[in-house]
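Chains, contacts and geometry: an overview
Each chain, written out:
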Number of protein chains: 2
Amino acid sequence: MVSFNEKGYREDCAAALSTRARIDEVARKYASRGFESIVFVGVGGTWIEWGAVREIAQKRTALPIRLENAAEVVLERNLSYLNKRALIITSSVSGDTKEVLAAVEFCRKRGLEVIGFTHDETTPLASLLADWIPMTTDYCQNNFLLYFTLVYSLLSQRGEFSGYERWCAAIEKTPDELLALRASFDPRADRIARKYHKAPYSIWVGSGAMYYCTYLFAMCLLEEMQWVRTRPVTAADFFHGNLELVEDGVPVFVVKGVDEFRPLDQRVDDFLDRYHPTDSAEILDMGAFPLASLGDEFREEAAVLSFCATVIDRLSRQYEHYTGHSLAFRRYYRQLDY
Amino acid sequence: MVSFNEKGYREDCAAALSTRARIDEVARKYASRGFESIVFVGVGGTWIEWGAVREIAQKRTALPIRLENAAEVVLERNLSYLNKRALIITSSVSGDTKEVLAAVEFCRKRGLEVIGFTHDETTPLASLLADWIPMTTDYCQNNFLLYFTLVYSLLSQRGEFSGYERWCAAIEKTPDELLALRASFDPRADRIARKYHKAPYSIWVGSGAMYYCTYLFAMCLLEEMQWVRTRPVTAADFFHGNLELVEDGVPVFVVKGVDEFRPLDQRVDDFLDRYHPTDSAEILDMGAFPLASLGDEFREEAAVLSFCATVIDRLSRQYEHYTGHSLAFRRYYRQLDY
C-alpha cells in the first residue's frame, strides 16, 4: 500500500491499547467522585470525533453526554450544564490547539476541572488538565479506541455499562483486522481517487454517528489536507436542497452506517440509483466492513473504526498519491497567525 | 426592486400579524395543560428555521427546547424526551411535506399530540394536528414572526417570559421597517449577485442562531433554487479545514450576528482582511441592520428578520435576475418520486 508503514502502524496500535491501565485509573478516580453528566469539548477534528463518540455512547447510558465546541464554549453563553457536577473531557495530541487551551482555561477560571488526552507531560494542555492520558497516535482509529475506552470505563465504574470487559478484549484484535481491511479496500481507494481527484466539487452524505465521520473526512482530509472542494451534508438535509446539485460530473459519496439512521442513507442510495445513473455515485457501506472481533454488540463502533481504516486512512493516501498534494501541506492552518 | 410586489408583501405581513389571536388561544390551551419541554420538529427549511428560533428562545427560559429533524425522529431511536410531558410543535405551509407527515403520524401512533402551523384546514397536515394555526406566508420573515410569537406566548402564559406584550407591540412595525431595509439593501444585493452569480463555488460562514439562517440561504435558496454550489460552514469550523479553500476567485460570505457568537464571526472577518485581500469577501453584518422597533431586547430576533429581508429575500431575487434561473424551478425536489 502506498504511504503505509506497517511497523509504525503496529507501534501506534500497541501504544493505544497499552493505555488502558491509565484510562482505568483516571476513570476510577472520577467515577468515585461522582458526576451527573459528561461534556466533551473539542474543536475541528476533535470536536467531530467526540461527536461520533457521543452519538454512540449516549445509547449506552441515561447519563446526559453533551458535545461542545471549544471555540464556542468560551463565549458568554451561561451554559447551565457546565458546572461542577459535569465531567468535562477534551483532547489535543499536539496539546497546543489554541481553542482547546482557551476552553480549558475558561473552565479553570470557573473552578471547573477538565481531564483529557494529550501527547505527553510537556504539552501546554497537559499542565492545564486535572488528569491527562497519553495519546501518541497518528491513526484516527486509535483516537477513537482511546475515547470509547475512557467513556466505557467511566460508565462501567458507575455500574451503567456491563460490556466494558468485552470491549477491551475485542479491541485487542482491531490492529490486525483493520490492517486486513486496509489491504482489501486499498484497490478501491486507488480507483476512487484516480477517478475523482480532479473533480471540482463533490458531495459527501452521511447520517447519525457516521455523519460526523463523513464530515471529518470531507473537512479535515479533503478540504484541509487536499484543498478539494466538498459539500458535506446529512442524508436528511440532502433531500431538502443539496440534491438539486446532482448532475453528470458531480461525484456523490454516500456513507452508509449500520445504526437506526441507515434507512436515510439507503434513501439517498436509492435516489442516486434512479436519478444519477452515471458512474459518479460511490456507496461506502460500512455494513460491508464488519469487524468480527467487535461483533454485533459493538457494530456501531466497528463502523467508525472501519471508516477510519478505509476512507480516512487509505482514501486520503490515495488522493495524495494522485493529486501530488502532500497531506502535510497547509497554506493557512497553523502556518499563519489568526 | 426587481420581483417585489409590495401589495402582496403587505397582505402577507398583515395575515401573519393577525394570527396572534389564534396563537394565543392555542398557547393558552397547552400552557394550562402543562408541559415540561418543547420539541420542534421540521425538515429542510423548517428544521433550519426552528433551529434558529430554538437558539434564541432557549435563552429566555429554563424549559428545555429541543430540535428534531422530521426525517430522523421517525427512526427507532427511543428518544426519551419524546413523551407526553413534551409539547411537540411542527410546521409545513403546504401541509404535505412527506417527512413532516410521517413524523406526526409516528407521534400519534405513540399517543403523542402535535400542534403546528399549516396553510389551512384542507392540508393533510391540518387533519393530523391536535391544533393547527394558519400560516399563509410567502415571506421567510413572517414564518419567523409566527414561530417566535407562538413560543413567546407559551412562555408568557407559563409566567416565564415577561416581554410578550412588548414583542407583540414591536412586531407591528416590522412590515414597514423591513420594507425600508429591503430598499436600502437592494443595490448591494444587485452588486453582489452581479459579481458572484457565476462563481463555481462559494463559502458561507455564520455562527449561533445566524448559522441556521446562513445555512437556510446556502441550502434552500442557492443550492435548491439556484443550483449554485456552496459550502456552508460555522465560524468555529471554518478555521479547522475549510479555510484552506480560500484563494483568489473564491467568494467568502460572512454573516455577522449580534449575539455571543459574534467574536467568532469577527475572527473570520479579520482572517479575510489579512489573508484574502482580494475583493471576494462579503461581510453581511446584521449589526448594521438593527430594527428600531425591536430595540436591544429583541436584537437577536431582529438579526434573523433582517437577514430574511436582505439576504433571503433580496439577494435571492437578484441572483435569479442575473442567473436567469427561476427560483421556482427544480429538477428533483417535489418533481420526482424518491
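As a starting point, this report considers the structure included with it. (Residues numbered from 1 in each chain as written. Chains lettered and ligands numbered in written order. Predicted model: local features only at pLDDT ≥ 70, side-chain atom pairs only at ≥ 80, totals over all residues. Heavy atoms only, no water.)

Regarding the pattern of salt bridges
All names here are of chain A. Applying the stated criterion across every chain, the model contains 67 salt bridges over all chains. Among the salt bridges present, the one from Arg-299 reaches Asp-296, with a minimum N-O distance of 3.0 Å. Each of Arg-22, Glu-25, Lys-29 and Asp-131 takes part in salt bridges that share partners, so that together they form one network. (Salt bridge = Lys/Arg side-chain N within 4 Å of Asp/Glu carboxyl O.)

Observations regarding helix H5 (residues 98-109) of chain B
Here H5 of chain B spans 17 Å end to end across 12 residues, near enough to the 16 Å set by a 1.5 Å rise per residue. Those residues of H5 of chain B that fall on the buried side of the exposure criterion are Glu-99, Val-100, Leu-101, Ala-103, Val-104, Phe-106 and Cys-107 of chain B. Contacts from the buried residues of H5 of chain B go to helix H12 (262-275) of chain A together with strand E1 (37-42), helix H4 (70-73), strand E3 (86-92), strand E4 (114-118) and helix H6 (124-128) of chain B. Phi for Gly-111 of chain B, located one or two positions after H5 of chain B, is positive at around 75°. (Helix = DSSP H or I, 4+ residues; strand = E, 2+ residues; numbered from the N terminus. Expected span 1.5 Å × (residues − 1). Buried < 20%, exposed > 50% of the residue type's maximum accessible area, 1.4 Å probe, protein only. Contact = heavy atoms within 4.5 Å.)

Considerations on the pairing of E1 of chain B
Residues and elements named next belong to chain B. Burial analysis of E1 places six of its six residues in the buried class, the great majority of the element. Of the two faces of E1, the one holding Ser-37, Val-39 and Val-41 and the one holding Ile-38, Phe-40 and Gly-42 are both buried throughout. Where E1 meets E3, five bridges bridge the pair, whose relative direction is parallel. Looking across to E3, one finds that Ser-37 is bridged to Ala-86. Both E1 and strand E2 (residues 65-69) contribute to a ladder of five bridges, which runs parallel. Bridge pairing links Val-39 to Arg-66 in E2. This β-α-β element, E1 to helix H3 (residues 45-57) to E2, shows right-handed connectivity. (Pairing = 2+ DSSP bridges. Right-handed = clockwise from strand over helix to strand, strands pointing away.)

Considering the interface of chain A and chain B
Between chain A and chain B, the residue contacts involve 53 residues of the former and 53 residues of the latter. Taking both sides of the interface into account, the surface hidden between chain A and chain B amounts to around 5100 Å²; carbon and sulfur atoms contribute 54%. Contact with chain B buries surface across chain A, with Arg-229, His-240 and Glu-244 of chain A losing the most and accounting together for 17% of the total. For the pair chain A and chain B, the number of links is nine salt bridges. One salt bridge in this structure joins Arg-331 of chain A and Glu-244 of chain B, with 4.0 Å as the shortest N-O distance. Counting across the chain A and chain B interface gives 31 residue pairs in polar contact (both at pLDDT 80 or more). Of the residues belonging to the side of chain A that touches chain B, the class tally is 28 nonpolar, seven polar and 18 charged. (Buried area = accessible area lost by both parts, 1.4 Å probe. Polar contact = N/O pair within 3.5 Å; in protein donor to acceptor, adjacent residues only side chain to side chain. Nonpolar A, V, L, I, M, F, W, Y, C, P; charged D, E, K, R; others polar.)

Quick word on the sheet that holds E1 of chain B
Residue and element names in this part refer to chain B. Taking strand neighbours across the sheet as the criterion, the five strands line up as E2-E1-E3-E4-E5 in an open arrangement whose pairing is parallel. The open sheet has two edge strands, E2 and strand E5 (131-134), and neither has a second partner. Across this sheet, the average inter-strand angle for adjacent strands is 20°, counted without regard to direction. Pairing analysis gives four bridges linking E4 to E5, with the strands arranged parallel. Residue pairing across strands places Phe-117 opposite Ile-133, the latter belonging to E5. With respect to the sheet, H3 is in contact with E1, E2, E3 and E4, its orientation differing from that of E2 by roughly 165°. (Axes fitted to C-alpha atoms, helices over the stretch in contact; angles between N-to-C directions.)

Focus: the relation of the copies chain A and chain B
Aligned on chain B, chain A shows an RMSD of 0.0 Å; the corresponding rotation is 180° and the shift along the axis is 0.0 Å. On the angle and the small slide along the axis, the relation comes out as a two-fold axis. For chain A, the minimum C-alpha distance to the rotation axis belongs to Arg-231 of chain A and amounts to 2.8 Å. A symmetric contact is evident, with 100% of the interface residues of chain A recurring at the interface of chain B. (Least-squares fit on C-alpha atoms with pLDDT ≥ 70 in both.)

Topic: the sheet that holds strand E6 (residues 202-206) of chain B
All names here are of chain B. Ordered by their spatial adjacency, four strands build an open sheet running E7-E6-E8-E9, and the pairing between neighbours is parallel. Every interior strand has two partners, whereas the edge strands, strand E7 (230-234) and strand E9 (281-285), have only one. Between one strand axis and the next, the sheet turns by 20° as a mean value, whatever way the strands run. Pairing between strand E8 (residues 252-256) and E9: five bridges, direction parallel. Counted as the bridge partner of Val-255 is Leu-284 from E9. Each of E6, E7 and E8 touches helix H10 (residues 208-226); the most contacted strand, E7, lies at about 170° to it.

Things to note about the packing of aromatic side chains
Taken as a whole, this structure holds 56 aromatic pairs over all chains when the rule is applied. When the centroid spacing of 6.4 Å and the interplanar angle of 50° are considered together, the rings of Tyr-275 of chain A and Tyr-332 of chain B count as tilted. Within this pair, whereas Tyr-275 of chain A is found in helix H12, its partner Tyr-332 of chain B is found in the segment after helix H13 (299-323), the two belonging to separate chains. On the accessibility criterion, Tyr-275 of chain A (18% relative accessible area) is buried. (Phe/Tyr/Trp six-rings, centres within 6.5 Å; stacked < 30°, edge-to-face > 60°.)

A short note on the packing of helix H9 (residues 174-196) of chain B against H13 of chain B
All names here are of chain B. Between H9 and H13, the least distance of the axes is 7 Å, while the angle of their chain directions is 40°. Classified by the angle their axes make, H9 and H13 are oblique. Of the two elements, H9 crosses H13, and the hand of that crossing is right-handed. Across the interface between the two elements, Thr-174, Leu-178, Leu-181, Arg-182, Phe-185, Asp-186, Ala-189, Asp-190, Ile-192, Ala-193, Arg-194 and Tyr-196 from H9 touch Leu-305, Ser-306, Ala-309, Thr-310, Val-311, Asp-313, Arg-314, Leu-315, Gln-318, Tyr-319 and Tyr-322 from H13. Split into classes, the residues belonging to the contact of H9 with H13 amount to 13 nonpolar, four polar and six charged. (Parallel < 35°, antiparallel > 145°, perpendicular 65-115°, else oblique. Left-handed = near helix turned anticlockwise from the far one by under 90°.)

Quick look at the side chain of Ser-316 of chain A
Structurally, Ser-316 of chain A can be placed in helix H13 (residues 299-323). At 2.9 Å, the side chain of Ser-316 of chain A forms a polar contact with the backbone oxygen of Asp-313 of chain A.

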